[in-house]
Amino acid sequence: MRKSIGSQIHLCLDRNDFWISLFLIFIFVVVNYVNNILKYCDCDVSQMIHPMKLLMLETHNKWGFYFMQFFPFIIVFPAGFSYIYDSNRKTHTFLIARYGVRNYYYGKLISTFIVTFLAFMIPFSLEFVLNILTFPLNANGDLSNTIPFDEEYIHMAKNYFMYKFWNSSPYVYTFFCLMIFSLIASAFSVFLVSLSTLGIFKFRVLMFLPVYILLYILTAIGRVTGLNFNYYTNICLFESSVRFEYLYIGISLVLIIISLFIVRYTSSEVH
Amino acid sequence: MKFIKYIFLGIIFGVIFGLSYLGENQSDIILLNDIVLKLSFDEFILCKSNAAYYDKIFLYLVPMLIFQLLSGTEIYSHFCTGSIYYFSRCTNKKIWTIKESAKVAVYALVNTTAILVSFILLNYIAGKEIVFSFGAICIAGYYILIFSLWNLFFSIIINMISLKFKSHFSFSIAAGLEILFSLEYVALQDVLYKVYDHEKLAVTLIKLNPFSMLCIQWHSSKNSRINELIDIFDISFDINMTIIILFIMVSIAELLCVGIIQKIDLLSSNKESEE
């Protein structure tokens, strides 16, 4: 099983798709970082904003907003097409003969998860480290321009996702939230790969459909019922209005379980 | 027949929009021009910080993207498997290309009409009364024309680019372009909100953006019965000019497509499964 995972990760990294998507996310991150430097160049420490609130994934960040519009398409690119490439070139017969049917299919799911996780996590951790190095760590401002010990700010901060964790250690909390973001994206791409093993996608472009439809249905349900299920306010960091992060975490767990069942069906001898 | 698939797609989206409109609207009388303007992005307001309104654009842009995704493989599918056998019976490839594009045009028309009609029927069945007027029927005709031409243009472009690169690449370019054009309104929000004062830079930026062709409320018309329902900025952005520009764009894309299909090599057997 380990060899199957290792060789499939190697195959994914050899193709262009992973590097193109990594490059795209890097562009957004670097532009945001340079923008922050130019904007807060001469700012005094007492008025400077907390370095973790200058990350790209913060909910009200301009470049994060643009990034989230392309998010349903960027999820598919790193490793979503791996089964289709394998079955077109017939390398899957070679790999099944070498590692066994179950090891191949389950290894494919795990390698997709790891590759997509890496494609999202590497640029975000780079920005995390760069922000810690360049901006002063004793800055405590907030983007809504309130005084740090103001009643309004404390009331707003109590609505963050896992508020006590943010209180005790802000940097570990931010890294943890970045990991949750990447985990949700990886869960979507694992679901896509398991759907592609069923053989229903005649053209590669139809792989974009399931994720887009799922996110759109959630937004439409939210609009009909009046709640806010938008994907770009619910999985980004530091949002103080009513949010439903547990909905997205729950959906990603359900998608992983569904994909395990699908792969169990395709790898069985009856199929 | 194939266009049942596109009618079904239009009905689904018309029902979704109709349900959300029913939930929001309390009165019993609905004007037809309200419905048509809502389907053409009138909920998006150009103000100083309009990023919060962006999800209105996203909600109404998705049916067009999904239509382009599905119809972007209509012409391309004939080149995927057994293309030599298919084209050995085809004497003139230029006329074949034009016939296939005409089929895609019919699908686009049918899809847009289905969205509008199912929206109206859903509200009618729910017991509301719908008011027709001459201006509203003209605006509905403009809506169907503009949106079908836009969808047709991008379908032809996606088919054309997929012949050279793969289908996922061409769709991401087309969808990326559409989303980029719509993001320009948020990116330049500090300049664009001055259009209410008729400032020159703001007016030119709005007229140059291709996405403005889809917002009917920002256009103006020479006919006064139509003009009183649209034209909220009072800039002279003629709606007939938009339709002529879209026709020209579609014909240029069609000519390019004919030119590329003439030169394609049929001996490479399956384009979609190549690396």
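Rules of the game
Residues numbered from 1 in each chain as written. Chains lettered and ligands numbered in written order. Predicted model: local features only at pLDDT ≥ 70, side-chain atom pairs only at ≥ 80, totals over all residues. Heavy atoms only, no water. Phe/Tyr/Trp six-rings, centres within 6.5 Å; stacked < 30°, edge-to-face > 60°. Helix = DSSP H or I, 4+ residues; strand = E, 2+ residues; numbered from the N terminus. Buried < 20%, exposed > 50% of the residue type's maximum accessible area, 1.4 Å probe, protein only. Core = buried A, V, L, I, M, F, W, Y, C linked by side-chain atoms within 4.5 Å. Polar contact = N/O pair within 3.5 Å; in protein donor to acceptor, adjacent residues only side chain to side chain. Contact = heavy atoms within 4.5 Å. Patch = residues over 30% accessible without salt bridge, like charges linked within 9 Å, V, L, I, M, F, W, Y side chains within 5 Å. Areas by Shrake-Rupley, 256 points an atom, 1.4 Å probe, with all protein chains shown as cover. Salt bridge = Lys/Arg side-chain N within 4 Å of Asp/Glu carboxyl O. Buried area = accessible area lost by both parts, 1.4 Å probe. Nonpolar A, V, L, I, M, F, W, Y, C, P; charged D, E, K, R; others polar. Axes fitted to C-alpha atoms, helices over the stretch in contact; angles between N-to-C directions. Parallel < 35°, antiparallel > 145°, perpendicular 65-115°, else oblique. Left-handed = near helix turned anticlockwise from the far one by under 90°.

Caption draft 1: Spotlight on the packing of aromatic side chains. Here the structure, examined in full by the defined rule, presents 52 aromatic pairs over all chains. Both rings, one in Phe208(A) and one in Phe171(B), keep their centres 5.6 Å apart while their planes meet at 45 degrees; by these two values the pair is tilted. Taken as a pair, Phe208(A) in the loop between helix 9 (170-196) and helix 10 (209-225) and Phe171(B) in helix 7 (residues 167-187) lie in two separate chains rather than in one. For Phe208(A), a relative accessible area of 1% corresponds to the buried category. A relative accessible area of 1% places Phe171(B) in the buried class. Centre to centre, the rings of Tyr185(B) and Phe211(B) are 6.2 Å apart; their planes meet at 70 degrees, and the pair counts as edge-to-face. One end of the pair, Tyr185(B), is in helix 7; the other, Phe211(B), is in the loop between helix 9 (200-208) and helix 10 (224-227), with 26 residues separating them in the sequence.

Caption draft 2: The arrangement of the nonpolar core in detail. Core analysis: the largest hydrophobic core is formed by 153 residues, its most contacted members being Phe67(A), Phe120(A) and Phe124(A). The next biggest cluster of nonpolar side chains, apart from the first, holds 10 residues, and it includes Tyr83(A), Leu95(A), Tyr105(A) and Leu109(A).

Caption draft 3: Main features of the side chain of Ser155(B). Residue and element names in this part refer to chain B. Relative to the elements of secondary structure, Ser155 occurs in helix 6 (residues 134-164). A distance of 2.9 Å separates the side chain of Ser155 from the backbone oxygen of Asn151, its partner in a polar contact. Aside from chain neighbours lying at most four places away, what touches Ser155 is Phe67, Gln68, Ser71, Gly72 and Val104.

Caption draft 4: The arrangement of a nonpolar patch on the surface in detail. All names here are of chain B. Judged by side-chain polarity, Met241, Ile244, Ile245, Ile248, Ile252 and Leu256 come together as a nonpolar surface patch covering roughly 560 Å² of accessible area. If you trace the backbone, Leu256 turns up in helix 11 (residues 239-262). Overall, the relative accessible area of 49% leaves Leu256 in the partly exposed class.

Caption draft 5: Geometry of the pattern of salt bridges. Scanning the entire structure with this criterion turns up four salt bridges over all chains. Among the ionic contacts, a cluster of salt bridges with common partners joins Arg15(A), Asp86(A) and Lys108(A).

Caption draft 6: Quick look at the interface of chain A and chain B. Taken together, the 28 residues of chain A in the interface contact 39 residues of chain B. In this assembly, chain A packs against chain B so that about 3,200 Å² is buried in total across both faces, 71% of it on carbon and sulfur atoms. Run the count over chain A and chain B and you get zero salt bridges. Run the count over chain A and chain B and you get one residue pair in polar contact (both at pLDDT 80 or more). Contributions of two or more residues to the side of chain A that touches chain B are made by helix 3 (62-76), helix 4 (82-89), helix 10 and helix 11 (231-234) of chain A. Per-element tally for the side of chain A that touches chain B: the top contributor is helix 10 of chain A, with eight residues. Classifying every residue of the side of chain A that touches chain B gives 19 nonpolar, four polar and five charged.

Caption draft 7: Geometry of unusual backbone geometry. The backbone of Lys90(A) shows a phi angle near 60 degrees, a positive value even though the residue is not glycine. We classify Lys90(A) as exposed; its relative accessible area is 54%. Of note, His198(B) is a non-glycine position whose phi angle comes to about 60 degrees, a positive value. With respect to the helices and strands, His198(B) occurs in the loop between helix 8 (189-192) and helix 9.

Caption draft 8: Layout of the packing of helix 3 (residues 54-71) of chain B against helix 6 of chain B. Residues and elements named next belong to chain B. Taken N-terminus to C-terminus, the directions of helix 3 and helix 6 make an angle of 40 degrees; their axes are 9 Å apart at the nearest point. Classified by the interaxial angle, the pair formed by helix 3 and helix 6 is oblique. The hand of the helix 3/helix 6 crossing is right-handed. On helix 6, the residues that touch Met64, Phe67, Gln68 and Ser71 of helix 3 are Phe147, Trp150, Asn151, Phe154, Ser155, Ile158 and Asn159. Taken together, the residues of the contact of helix 3 with helix 6 break down into six nonpolar, five polar and no charged.

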